[in-house]
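Tertiary structure, described
Spelled out from the first residue to the last, the chains are:
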Amino acid sequence: MASRSGKGQPGAGLSVGRDMLIEVTCNLLKTTQPATITRALVARETGVDPSLIRYYFRNRSVLLAAAASRMAERYGQMIEQANVRSDGSPVSLLRERIRALIDLLATYPYFHRLLTEEIMPSAEPEAVEMFRQMTERGTLSYDAILSAGIEQGVFDANINRTMLFTAIIGMSEFYMPGLRVMAEAEGDIGPEAETRAAYTEFVCN
């Protein structure tokens, strides 16, 4: 079956569209540094001509912005599930939100490198808007949780909300590369799932 553009040729008899190209890019970002992801690499992994990617996304930056948006959507779904798990209190909501972020970054270790190295420096409207929306949603959510916690007397009223938001991102982002640091320091850190749970609890505390 020919592709929608008439230029790219789907591999393995599959019709390759925009959604599949985004999904392949997301899967590559589980193991591949953002800087090394090119149109040619995505095309090779998908079995299509690189011109098909240009047809759907104009250029590499727009493709990466679409992949970042897809991962951000998945984080949003994870937060929704986390909210259900929580007991509804500000402390529980904040803990579950942190847990969801660390779980996301364990699945996509290069997500924040994608943001800092590709999305933030980009002038493409899709990248600018993606980063604006993600930051806005995150800061507003933290503000709501912290405001409720301050009102209940469980959080420090003087806490810098933006700095807390940023610091939690940093600690969560370093979890995957930090595994090697912990293994070097401790020798044996045990199963990854147990280490992730312990690290998450540490960050939450």
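Data block above holds the structure.
Let me begin by describing the structure that accompanies this report. What you see is a predicted model; the values in this text were computed from it and never measured.

What about the nonpolar core?
Soluble globular proteins tend to bury their nonpolar side chains together. If you look at the biggest cluster of nonpolar residues, it comprises 56 residues, and the most contacted ones within it are Leu21, Val42, Phe57, Met71, Ile98, Phe111 and Ile119. Looking at this core, the element that brings in the most residues is helix H4 (residues 60–85), giving twelve residues. Residues contacting Leu21, with those up to four places away along its chain left out, are Val16, Val42, Thr46, Val48, Leu52, Ile53, Tyr56, Phe57 and Leu63.

Observations concerning the packing of aromatic side chains
Across all of its chains, the model carries four aromatic pairs by this definition. Between Tyr55 and Tyr56, the aromatic rings sit 5.1 Å apart at their centres with planes inclined by 75°, giving edge-to-face as the arrangement. Tyr56 gets classed as buried once you look at its relative accessible area, which sits at 16%. Ring plane angle 55° and centroid distance 6.3 Å describe the contact between Tyr56 and Phe57, whose orientation is recorded as tilted. Take Tyr56 and Phe57: they sit in the same class, and that class is buried. An aromatic cluster is built from Tyr55, Tyr56 and Phe57, whose rings are joined through pairwise contacts.

Brief notes about the layout of surface pockets
Its boundaries defined by the atoms lining it, the largest pocket holds a volume of some 420 Å³. Lining the largest pocket are 21 residues, with Met134, Thr135, Gly138, Phe165 and Ile169 sitting closest to its centre. Counting only elements with at least two residues in the lining of the largest pocket, the list comes to H4, helix H5 (90–107), helix H6 (111–119), helix H7 (125–152) and helix H8 (161–173). Among the elements that take part in the lining of the largest pocket, H7 stands out by supplying seven residues, more than any other. Its residues assigned to classes, the lining of the largest pocket shows eleven nonpolar, seven polar and three charged. A volume near 220 Å³ is recorded for the second largest pocket. For the second largest pocket, the lining is made up of 14 residues, of which Leu94, Ile98, Val203, Cys204 and Asn205 are closest to its centre. Considering every element that reaches the lining of the second largest pocket, the biggest residue donor is H5, with four residues.

Quick notes on the rules
Residues numbered from 1 in each chain as written. Predicted model: local features only at pLDDT ≥ 70, side-chain atom pairs only at ≥ 80, totals over all residues. Heavy atoms only, no water. Core = buried A, V, L, I, M, F, W, Y, C linked by side-chain atoms within 4.5 Å. Buried < 20%, exposed > 50% of the residue type's maximum accessible area, 1.4 Å probe, protein only. Helix = DSSP H or I, 4+ residues; strand = E, 2+ residues; numbered from the N terminus. Contact = heavy atoms within 4.5 Å. Phe/Tyr/Trp six-rings, centres within 6.5 Å; stacked < 30°, edge-to-face > 60°. 1 Å grid on protein atoms, 1.4 Å probe; cavity = no way out; pocket = protein on both sides within 12 Å on 5 of 7 lines; lining within 4 Å. Points joined across faces, edges and corners; volume = space filled by probe spheres on them. Nonpolar A, V, L, I, M, F, W, Y, C, P; charged D, E, K, R; others polar.

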